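Given next are the chains, with one letter for each unit.
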Amino acid sequence: MSERKFKYVGTRPIRHDGVDKVTGRANFGADFDAPGMLHGALLRSPHAHARILSVDTRAAEAVAGVKAVLTGQELPKLQSMWMGGAEGGIDFRDIAENCLARDKVLYHGHAVAAVAATTPEIALQAARMIEVEYEELTPVLDLEAAVASDAPILHDDLQPIGATDPLPEGPTNIAGRVEFSRGDVDAGFAEADVVVEREFRTQMVHQGYIEPHACVARIGEDDQVVVWCTTQGGFAVKNYSAMVLQMDPAKIKVISSEIGGGFGGKTTIYLEPVAIALARKARRPVKMVMSREEVFRATGPTSGTIVRAELGAKRDGTLVAGRLSMFYEAGAYRGSPAGPGAMCAFGSYKIPNFYIEAHDVVVNKPKVAAYRAPGAPMSTFATESLVDELARELGLDPIEMRLHNAVDEGDQAPYGPVYGPIGLRETLEAARSHPHYKAPLGQNQGRGIACGFWFNAGMSSSANVSLHADGSAVVATGNPDIGGSRAAQAQMVSEELGIPVERVRPVVADTDSVGYTDMTGGSRVCFATGMAVIQASRDVVDQLRARAAQIWGVELDSVAWEDGRALPANGAEGDHEPLPIEELAQQMGRTGGPIVGKASLTAPMAGPGFATHLCDLEVDPETGASRVVRYTAIQDAGKAVHPGYVEGQYQGGSAQGIGWALNEEYIFDERGEMENPGFLDYRMPVASDLPMIDTVIVEVPNPLHPYGVRGVGETPIVPPLAAVANAMRGATGVRFTVLPMSPPRVLEAIDA
Amino acid sequence: MAQVHFGSGLQPHTGGVERIDLDVPRVREMLQELAERYPGIEVQLEQMAVAVDGQIYNDAPYQKLAPTSEVHFVPKIGGG
Amino acid sequence: MLSIRYEAPASVGEAVALLDADEGAKVIAGGTDLLVQYRSGLREPTAFVDVKRIPDLMEISIDADGLVLGAATPAAEVFENTEIRQLWPGVAEATDLIGSTQIQGRATLGGNLCNSSPAADTVPALIAVGAQAVIAGPSGERELAVEDFVTGPGQNVLGRGEFLVKLRVPRPGPRTSDAYLRLIPRTEMDIAVVGAGVALTLDEGGTCTAARVAIGAVAPTALLVPDAAAALVGSSVDDAALAGAAQAASAAASPIDDKRGTVAYRRKVTGVLTQRAAAIAAERARER
């Protein structure tokens, strides 16, 4: 596998969707309009926790231009049905009631009713005229308040899931608990020469995708529904909407638009069932577009967390014991990423004795959604900070300390199975020999190192590769393209067929036009959908060889395929002139008909991705303001199909993680209203805040993929929180355990 | 016989058993066997992925198990 | 019900008449604050009175008396003007902090003042250089110091039918210069947590003979801080004088705890930025 010489894989072609994107022609979620279309608007809860006593829609219905009004009571009442998973498990009842509240509002901004009208302004004004009578309840706004014995309860019927041993009896806000352990943790700590212990806290943060959620729903007289929307998965929108509305999924077709960022946040639904229900009532297409404020208040950020962590080592740096007790905010409904947070926390190290418990806790804040390596950045912030502390206490180089404990192929992952070939050690070695690691630091500067791990998903994918008469090809898959997957898929087709990347047109197909495909998420598209693309391309190649065999009158095994041409082989060399793909394509009609290759598969988990990040930070000791002056992200990609977009993933994840570390946070007032629902005060980094983020692609081939590909999208956000905090420790002498490390917090700590 | 491991989260359902060896051809038969031995565990296992010799499958009842196979149950992972 | 009138008067008199006739009418120049407030439902004007077609409002002229700056002149034209950058570098750098490059093509200093945010960047810079605001209204023109223009967050002295026509900035004498600094957690696209503008004059021996210090984002309005100026006057702007100015500025600040910073933080950083801005202004003054 590693012997293979690639011609197109590993090159950096311009993405096929690039020109339309940079010139403003690409159609994103809000760009689609249908004739006769209405505009939808939502009335949202002004309370973080309240019972809905009554909803009076008469005044709204009377407004000229209003064509339909919808309340949560009008949607089907679903039974709770938990489709489990470590994170982002799904209960369709929760999804439905998050789209439109039924009996209770559970966060400020929770949608309560919807209006469709002839203009967005009328819809919004009418929505405000809907009268809702609430019985206000005490909001539960942080983890400690949520698990207190006298806490107000969000869901009277909440049944804890998971490792049930110490869960409280009776009503609770603890929705679930997982635990992982190995060895004898007490004995491990007893054996340690040095033990460090800290409590770490992070706040709720948003993915910050630039494109707000948007959709248009149209319903025909035969009840066939078409939804145009921005999503990470058209099939998910189709199936979830059908569940929420108790419709036949066969009646829903979803056409996904170009997507302006998702990072996990567009793996669920908010608007689509509401738009379909409004369209059904009004018998006209309905468009719904969220404002930025709605995106912040009412879509899924990721959890705020408390992680109590303890780590022990021998004097030579050998880690001997670890203990983690973690609490993750789920928001209004169960399903925080506490599970993967627990599974990733010690993923990088051989630790003979550990105990990890993680709790999924509901609070009166927006329901969290997936966010890039869900759960891992927060737990890794804790463990990588402690590894750094241990290295300091023991006087060890932080990279040597990590190399000394790094997991290798054959080591057991903290969650059970053994690792196959992995590249953590290679990333650490690359960091050690990188000029960045040896560069001198200036005044008030510090350097931080951190590692990170993420699983990478597999799941189901389909692909069709169709040959055109001119020898060009179209590759269609069901994955909305977030990170350049179309370019990578075209490269895979090019590699197999032997035609230039520009001769391959990659297409994101709608749910009626391609086989079932799981979401664009879990860093799975280049790996799993890529495998389907390679198989479909090989199917095309086999058909082309068969056509050549037919033309030459030879057996199939006398035809080889090389560089876009059929060649006589197996003793037939020289008997025939090579047949280029253009000629075979032109003759398709008379040699058996059009050629379409197809493949569908379910891939196993993609093989873990490991990274090591280096961060240099400069702190102004008089203002607490900090600046990342140098940053290097090193990660094992298995095989980089399009290195430019792999680097882009490393850089993007780093940038998001740096923002999380330094300035991003949801700020709530005492009533549970978010105070900073806009990019002015929700401070994501802007381009000028960051240096050019340097990248190193390490390639330890993944045996599960024909080219050795691993997922790369999520791992890059795992190390930065700790990398930045470790750099802050170096620059200021202070160990920060609370994020974000905003200037006021830093100055207070320096002055303390 | 396939070695089936139970993490600490599952051990309350196995009476504290950490590992058993089962002579079963596929994941499906393994799950049936476990449900018989440890009634109630199937509810937990339905929520979990199965790792066979290091490879994690979210939902693969017909995955073959070799006599030397190592099996772990892990929470299902999706991702962002 | 949901329509808004758009007016584009060609003279100051016409604009005054339109504004006087409709209390709900709002003056629009760049619209970079107003349109955002309108779209988010914070303001619901009945009419936009676009003042960009009035020649006086688009004027930049510099003579022996100083600068006359039309209130609707885009920020980009101000800080790209080399003479302004030379004579009032603090005002220029404050102007350059407004929004992004695209925003600066529309945003105006007049709008920054009339929006009357306590955190407006150009306001402390303008106060420091002694700028005057020229207001037109039904009873004619009046003029007042910029520090007296804003009366509270989002509030100012403009009465019914009145609007800001221009700003006058006196020409700096020899060895006189200014500087503005702000603190934001990011590098741009942000709003000041603390701002400080300092203008000062040195004599030939390097002793400070006059100074004005203004601070922003740490009180309901930008403040002129005479005590901070007094700490500088008579000194060579040495470390002791700078520390005194910092202390006076911190003492004058009356900030609040909010999502952008704490009281203690803002108070301390007010001093830090005042000190740094004064040092920069002094360095510039020595070079002039």
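All figures in this text were calculated on a predicted structure; none of them were measured in a lab. (Residues numbered from 1 in each chain as written. Chains lettered and ligands numbered in written order. Predicted model: local features only at pLDDT ≥ 70, side-chain atom pairs only at ≥ 80, totals over all residues.)

## Overview of the overall build of chain A
Part 1 of the reasoning: Counting secondary structure elements, chain A contains 21 helices and 29 strands.
Part 2 of the reasoning: Computed over its C-alpha atoms, the radius of gyration of chain A comes to 27 Å, within 12% of the 27 Å expected for a compact globule of 752 residues.
Part 3 of the reasoning: Across its three principal axes, chain A shows a C-alpha extent of roughly 85 × 75 × 50 Å.
Part 4 of the reasoning: The burial tally for chain A puts 61% of its 752 residues in the buried class.
Part 5 of the reasoning: For chain A, long-range pairs separated by at least 24 residues make up 80% of all intrachain contacts whose partners lie at least 6 apart in sequence. (Helix = DSSP H or I, 4+ residues; strand = E, 2+ residues; numbered from the N terminus. Rg over C-alpha atoms; globule rule 2.2 N^0.38 Å. Buried ≥ 20, exposed ≤ 12 C-beta atoms within 10 Å, placed from the backbone. Contact = placed C-beta atoms within 7 Å.)

## Concerning the sheet that holds strand β20 (residues 459-467) of chain A
All names here are of chain A.
Part 1 of the reasoning: Within the open sheet, the four strands sit side by side as β22-β21-β20-β26. Their pairing is mixed. Because the sheet does not close on itself, it has two edges, and the strands there are β22 (504-508) and β26 (596-603). Strand after strand, the sheet turns through a mean of 15° between neighbouring axes, direction not considered.
Part 2 of the reasoning: Across five bridges, the pairing between strand β21 (residues 473-477) and β22 is parallel. Counted as the bridge partner of valine 474 is arginine 505 from β22.
Part 3 of the reasoning: Each of β20, β21 and β26 is contacted by helix α16 (residues 525-552), which is oriented at about 145° to β26, the strand it contacts most. (Pairing = 2+ DSSP bridges. Axes fitted to C-alpha atoms, helices over the stretch in contact; angles between N-to-C directions.)

## Quick word on the sheet that holds strand β3 (residues 66-71) of chain A
Sheets are built from strands paired through backbone hydrogen bonds, the pairs being either parallel or antiparallel.
Residue and element names in this part refer to chain A.
Part 1 of the reasoning: Read from one edge of the open sheet, seven strands run β3-β7-β1-β15-β12-β13-β14, paired in mixed fashion. Each edge of the open sheet is held by one strand with a lone partner, namely β3 and β14 (252-256). Strand-to-strand twist in this sheet, taken as the mean axis angle between neighbours without regard to direction, amounts to 20°.
Part 2 of the reasoning: Pairing of β3 with strand β7 (residues 111-117) involves five bridges; the strand directions are antiparallel. Following the sheet pairing, threonine 71 is matched in β7 by alanine 113.

## Description of the interface of chain B and chain A
Part 1 of the reasoning: With 20 residues of chain B at the contact, the number on the chain A side is 38 residues.
Part 2 of the reasoning: Of all the secondary structure elements, the ones that give two or more residues to the side of chain B that touches chain A are β4 (55-57) and β5 (70-75) of chain B.
Part 3 of the reasoning: Classifying every residue of the side of chain B that touches chain A gives seven nonpolar, twelve polar and one charged. (Nonpolar A, V, L, I, M, F, W, Y, C, P; charged D, E, K, R; others polar.)

## Some remarks on the interface of chain A and chain C
Part 1 of the reasoning: The interface of chain A with chain C comprises 19 residues on the first partner and 17 residues on the second.
Part 2 of the reasoning: If one sorts the elements of the side of chain A that touches chain C by residue count, helix α21 (residues 743-751) of chain A sits on top with three residues.
Part 3 of the reasoning: The residue inventory of the side of chain A that touches chain C, partitioned by class, reads eight nonpolar, five polar and six charged.

## Examining the pairing of β20(A)
Residue and element names in this part refer to chain A.
Part 1 of the reasoning: Of all the nine residues making up β20, eight are buried; the element is thus mostly covered by neighbouring parts of the structure.
Part 2 of the reasoning: Summarising the sheet, β20 and β26 pair through eight bridges and their orientation is antiparallel. Paired with serine 461 across the strands is leucine 601, a residue of β26.
Part 3 of the reasoning: Between β20 and β21, which pair antiparallel and follow one another directly, the connecting turn spans five residues, one of which, glycine 471, has a positive phi of 85°.

## Looking at helix α20 (residues 720-732) of chain A
Part 1 of the reasoning: Compared with the 18 Å implied by 1.5 Å per residue over 13 residues, the 18 Å span of α20(A) between its first and last C-alpha is a close match.
Part 2 of the reasoning: When you tally the buried positions in α20(A), you get 13 out of 13 residues, the bulk of the element. (Expected span 1.5 Å × (residues − 1).)

## Things to note about the domain arrangement of chain A
Residues and elements named next belong to chain A.
Part 1 of the reasoning: Splitting chain A by domain gives domain 1 (18-25 + 458-603), domain 2 (32-137 + 211-260 + 266-298) and domain 3 (305-372 + 420-453 + 607-751).
Part 2 of the reasoning: Between the C-alpha centres of domain 1 and domain 3 there is a distance of 38 Å.
Part 3 of the reasoning: Between domain 1 and domain 3, the contact holds 15 residues from the first and 15 residues from the second.
Part 4 of the reasoning: Among the secondary structure elements, those contributing two or more residues to the side of domain 1 that touches domain 3 are α15 (485-497) and α16. (Domains from an automatic or database assignment.)

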